[in-house]
Amino acid sequence: MSEVIVITSGKGGVGKTTTTANLGVGLAERGKKVVLIDTDTGLRNLDLLLGLENRIMYDLIDVTEGRVTYKKALVRHKKYDTLYLLPTSQVKDKMAVNEEQLIALCNELRSEFDYILIDCPAGIEQGFKTAIAAADRAIVVTMPEISAVRDADKIIGELGRADKEDIELIVNRIRPQMVRNGDMLDMDDIDEILSIKCIGQVPDDELVVTSTNRGDPVITNRNSEAGQAYRNIVGRICGEEIPFMEFLEDGFLVKLRRVFGW
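Position numbers for residues start from 1 in each chain and track the written sequence from start to end. Since the coordinates come from a predicted model, pLDDT governs what is reported: local features require at least 70, and pairs of side-chain atoms require 80 or more to be given and counted, while whole-chain, interface and lining totals use all residues. Where side-chain values are given, they derive from all heavy atoms of the structure, hydrogens and water being excluded.

The protein chain carries the name Septum site-determining protein MinD in an unreviewed UniProt entry, which gives Propionispira arboris as its organism. For the record of the protein chain, the UniProt heading Sequence similarities (unreviewed entry) holds the text "Belongs to the ParA family. MinD subfamily." UniProt positions are given in the numbering used here, feature names are shortened, and annotations may be inferred rather than shown by experiment.

Encoded structure:
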């Protein structure tokens, strides 16, 4: 049975699109048939993170307006035969797709794909309302900063008002030393504010930046702590019981571990 998952956030820049790309690749590595839908119309970036920017012929708006079928607009990933991207337009605005159109599209896709991941625009405007409409499950991405957590709390409230009950959390860009020093919120602080199930804790890792710039999500890098964290999240999405990682070091010691394979 297929599942539609929307990946959303209140605050921009917390890693929502990066999370979508990594989860898509991770699910495809497990043999799942996955389609990623970019609904951030006018500001699309998911194609860049997957290294597919030069292969786009049609987009989400072409599909919803009936110019092409979704099959014609899908872009297959270069490395994973079961991973597809449905990009959105760079020139239209977020009003170009409505809730009914996205629901109808996802209902078509359900017969072909195991997972449909929707990359949602940040904020709570119409683009957000459209993106969440078809979702069976929502994953909220935040960072351990008070402004990001407050915005995530607002998003969770909006999801509840839209009758979305299956809501989970990923906390991104955790810096263990700052948490230990009390300069960054810890998980107890975040849980007290948000009170939803956390399925992912991702450390701040410079390899995320280098992987993103190459169009090769960090989940494929076996030397990356963030990559391992994303692989664990994928396992939890698939129903596995996986303990959370402990991030013990920052900066120089982590670099030494990578260089010498400790």
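Okay, helix H11 (residues 225-237) next. Only runs of H or I of at least four residues qualify as helices and only runs of E of at least two qualify as strands under DSSP, and these elements are numbered from the N terminus. Multiplying 1.5 Å by the helix residue count minus one yields the expected span of that helix. Counted at 1.5 Å a residue, the expected span for H11 with its 13 residues is 18 Å, and the 19 Å between its end C-alpha atoms agrees. Burial within H11 is extensive, with 11 of its 13 residues counted as buried. Whether a residue is buried, partly exposed or exposed follows from its accessible area with a 1.4 Å probe, protein chains only, as a fraction of its type maximum: under 20%, in between, or over 50%, in that order. Of all the residues in H11, the buried ones are Ala226, Gly227, Ala229, Tyr230, Arg231, Asn232, Ile233, Val234, Gly235, Arg236 and Ile237. One or two residues past the end of H11 sits glycine 239, with phi positive at roughly 95°.

Moving on, we come to the pattern of salt bridges. For this document, the term salt bridge refers to a Lys or Arg side-chain nitrogen within 4 Å of an Asp or Glu carboxyl oxygen. Counted under the stated rule, the structure contains 15 salt bridges. The partner of glutamate 29 in a salt bridge is arginine 222, and the shortest N-O contact between them spans 3.9 Å. Of this pair, glutamate 29 sits in helix H1 (residues 16-29) while arginine 222 sits in the loop between helix H10 (206-214) and H11, and the two are 193 residues apart along the sequence. When the shortest N-O distance is used, the salt bridge between lysine 79 and aspartate 216 registers 3.7 Å. One end of the pair, lysine 79, is in the loop between strand S3 (75-76) and strand S4 (83-86); the other, aspartate 216, is in the loop between H10 and H11, with 137 residues separating them in the sequence. Where salt bridges share partners, they join Glu3, Arg137 and Glu168 into one cluster.

Below, the discussion takes up the packing of aromatic side chains. Pairing of aromatic rings covers Phe, Tyr and Trp, the last counted by its six-membered ring, and requires centre-to-centre distances within 6.5 Å; plane angles under 30 degrees mean stacked, over 60 mean edge-to-face, and any other angle means tilted. Under the counting rule described, the total for this entry stands at one aromatic pair. With a centroid separation of 5.6 Å and an interplanar angle of 80°, the aromatic rings of tyrosine 84 and phenylalanine 113 are classed as edge-to-face. Residue tyrosine 84 is located in strand S4, and its partner phenylalanine 113 is located in the loop between helix H5 (99-110) and strand S5 (115-119); the two are separated by 29 residues in the primary sequence. Here tyrosine 84 falls in the buried class, since its relative accessible area comes to 12%. Judged by relative accessible area, phenylalanine 113 falls into the buried class, the value being 2%. Any Lys NZ or Arg CZ that is within 6 Å of a ring centre and within 35 degrees of that ring's normal is treated as a charge sitting over the ring. The ring of phenylalanine 113 carries the charged tip of lysine 33 above its face, separated from the ring centre by 5.2 Å. One cation-aromatic arrangement involves arginine 236 over phenylalanine 244; the distance from NZ or CZ to the ring centre is 4.2 Å.

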